[in-house]
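Analysis of the macromolecular model
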Amino acid sequence: MEGTKPVNKKLAAALSGGAVLAVVLTGCGGDDDKSKELDAWAAKVCDGVQPQAKKIEAANTAIQKETSDNSTPADVQKTDSQAFQDISDAYKAMAQAVQKAGAPPNVDKGETKKTNAVKELNNLSSSYADLKKQTEDLDTKDQARFASGLKDVATQLEKLSKSGSDALKDLEEGDVGKAMAKQPSCKSATATSSAA
């Protein structure tokens, strides 16, 4: 299974880069009790995001495990396909969590920031759904063609993990980030992602 192994390692590395993006919503640093409303909003978002960050981490772990085994192309395909489906579902659920929480209160352009973050999370969900389909369409009977197809998936995944998360970063700037950093569920999501 030598042809597939290095490619799947590349896939796992690219995926772990993308997992960091999953928890960009977890905020960073500081504690400032400026607004109880904002804290309540942050708690809603963090509680919705945290289980999804764990789901993404589990998908990443599955791909890495498949990389370390002497797996057949069919096994790699099945694992990667399921992982991409899980990640797609996780981003969609994150988008719903942010949408449900609404615009962060007492924040400049809060509605715009929320709308942009939801759109970005939904786009990520769609992109991972596309990767799932691309993975399922690979020919597992031909080792060389499978490895080549998997390389294409890894390249797209790498682009996806680098494709920025500006709207998410924008959402959690300033007071929003401070409020999120105080939430226990955001702290545990951050710990989860840094372990990935």
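Here, the structure is the one placed above.
Fair warning: this is a prediction, and the values are worked out from it, not measured in the lab. (Residues numbered from 1 in each chain as written. Predicted model: local features only at pLDDT ≥ 70, side-chain atom pairs only at ≥ 80, totals over all residues. Heavy atoms only, no water.)

**Looking at the overall build of the protein**
Formally: Helix and strand assignments follow DSSP, with helices taken as H or I runs no shorter than four residues and strands as E runs no shorter than two, numbered in order from the N terminus. Exposure categories follow from relative accessible area, calculated using a 1.4 Å probe and restricted to protein chains: below 20% of the type maximum is buried, above 50% is exposed, and the middle band is partly exposed. Between two residues, a contact is recorded if the distance between any of their heavy atoms is within 4.5 Å. Method for areas: the Shrake-Rupley scheme with a 1.4 Å probe, in which residue coverage is limited to the protein chains shown.
Looking only at helices and strands, the protein features eight helices and zero strands. Reading the helices (α) and strands (β) of the protein from amino to carboxyl end gives α-α-α-α-α-α-α-α. The burial tally for the protein puts 48% of its 196 residues in the buried class. For the protein, the proportion of contacts with a sequence separation of at least 24, taken over those separated by at least 6, is 87%. Total accessible area computed for the protein in this model is approximately 9400 Å², and 49% of it derives from carbon and sulfur atoms.

**Re helix 5 (residues 143–162)**
Defined as follows: In this scheme, a helix's expected span is set at 1.5 Å multiplied by one less than its residue total. A 3.5 Å cut-off defines polar contacts: any pair of N or O atoms within that distance qualifies, except that in protein one atom must be a possible hydrogen donor and the other a possible acceptor, and neighbouring residues in sequence count only when both atoms are side-chain atoms.
For helix 5, built from 20 residues, the straight-helix expectation of 28 Å at 1.5 Å per residue is met to within 8% by its first-to-last C-alpha distance of 29 Å. The N-terminus of helix 5 is capped by Asp-142, whose side-chain oxygen sits 3.1 Å from the backbone nitrogen of Ala-144.

**Observations regarding the nonpolar core**
Note on soluble globular proteins: their nonpolar side chains tend to be buried together. Quick reminder of the rule: For this analysis, a nonpolar core means a set of buried residues of the types Ala, Val, Leu, Ile, Met, Phe, Trp, Tyr and Cys, connected via side-chain atoms within 4.5 Å.
Membership of the largest hydrophobic core comes to 33 residues, with the highest contact counts inside it found for Trp-41, Tyr-91, Tyr-128 and Met-180. Secondary-structure elements contributing two or more residues to this core are helix 2 (36–68), helix 3 (73–101), helix 4 (110–136), helix 5, helix 6 (166–171) and helix 7 (174–181). With residues near it in sequence (within four places) discarded, Trp-41 still touches Ala-101, Gly-102, Ala-103, Pro-104, Pro-105, Leu-171, Val-176 and Met-180.

**Considering the pattern of salt bridges**
The condition is simple: The salt bridge definition used is simple: a Lys or Arg side-chain nitrogen within 4 Å of an Asp or Glu carboxyl oxygen.
Following the criterion strictly, the structure yields six salt bridges and no others. Residues Lys-114 and Glu-111 are paired through a salt bridge, measuring 3.0 Å at the closest nitrogen-oxygen approach. Pair noted here: Lys-114 and Glu-111 are both in helix 4, with a separation of three residues, about one helical turn. Taking relative accessible area as the criterion, Lys-114 reaches 7% and is therefore assigned buried. The exposure class of Glu-111 is partly exposed, given its relative accessible area of 46%. One salt bridge in this structure joins Glu-136 and Lys-132, with 2.8 Å as the shortest N-O distance.

**Some thoughts on the packing of helix 3 against helix 4**
Where we set the bar: To obtain an axis, a line is fitted to C-alpha atoms, over the contacting stretch when the element is a helix, and the angle between two such axes runs from 0 to 180 degrees between their N-to-C directions. Any angle that is under 35 degrees is reported as roughly parallel, and any over 145 degrees as roughly antiparallel; angles of 65 to 115 degrees are reported as roughly perpendicular and all others as oblique. Helix crossings are classified by the rotation of the near helix relative to the far one: an anticlockwise turn of less than a right angle makes the crossing left-handed, while a clockwise turn makes it right-handed. Only Asp, Glu, Lys and Arg are considered charged, only Ala, Val, Leu, Ile, Met, Phe, Trp, Tyr, Cys and Pro nonpolar, and every remaining residue, Gly among them, polar.
The geometry of helix 3 relative to helix 4 is characterised by a closest axis approach of 8 Å and an angle of 165° between their N-to-C directions. Classed by the angle they form, the pair helix 3 and helix 4 counts as roughly antiparallel. The crossing of helix 3 and helix 4 is left-handed. For the contact of helix 3 with helix 4, the residue count by class is twelve nonpolar, eight polar and five charged.

**A few points about the packing of helix 4 against helix 5**
Contact pair helix 4 / helix 5: the axes reach a minimum separation of 10 Å and the direction vectors enclose 170°. The orientation of helix 4 relative to helix 5 falls into the category roughly antiparallel. Within the contact between the two elements, helix 4 uses Leu-124, Ser-127, Tyr-128, Leu-131, Gln-134 and Thr-135 and helix 5 uses Asp-152, Val-153, Gln-156, Leu-157 and Leu-160. Tallied by class, the residues present in the contact of helix 4 with helix 5 amount to six nonpolar, four polar and one charged.

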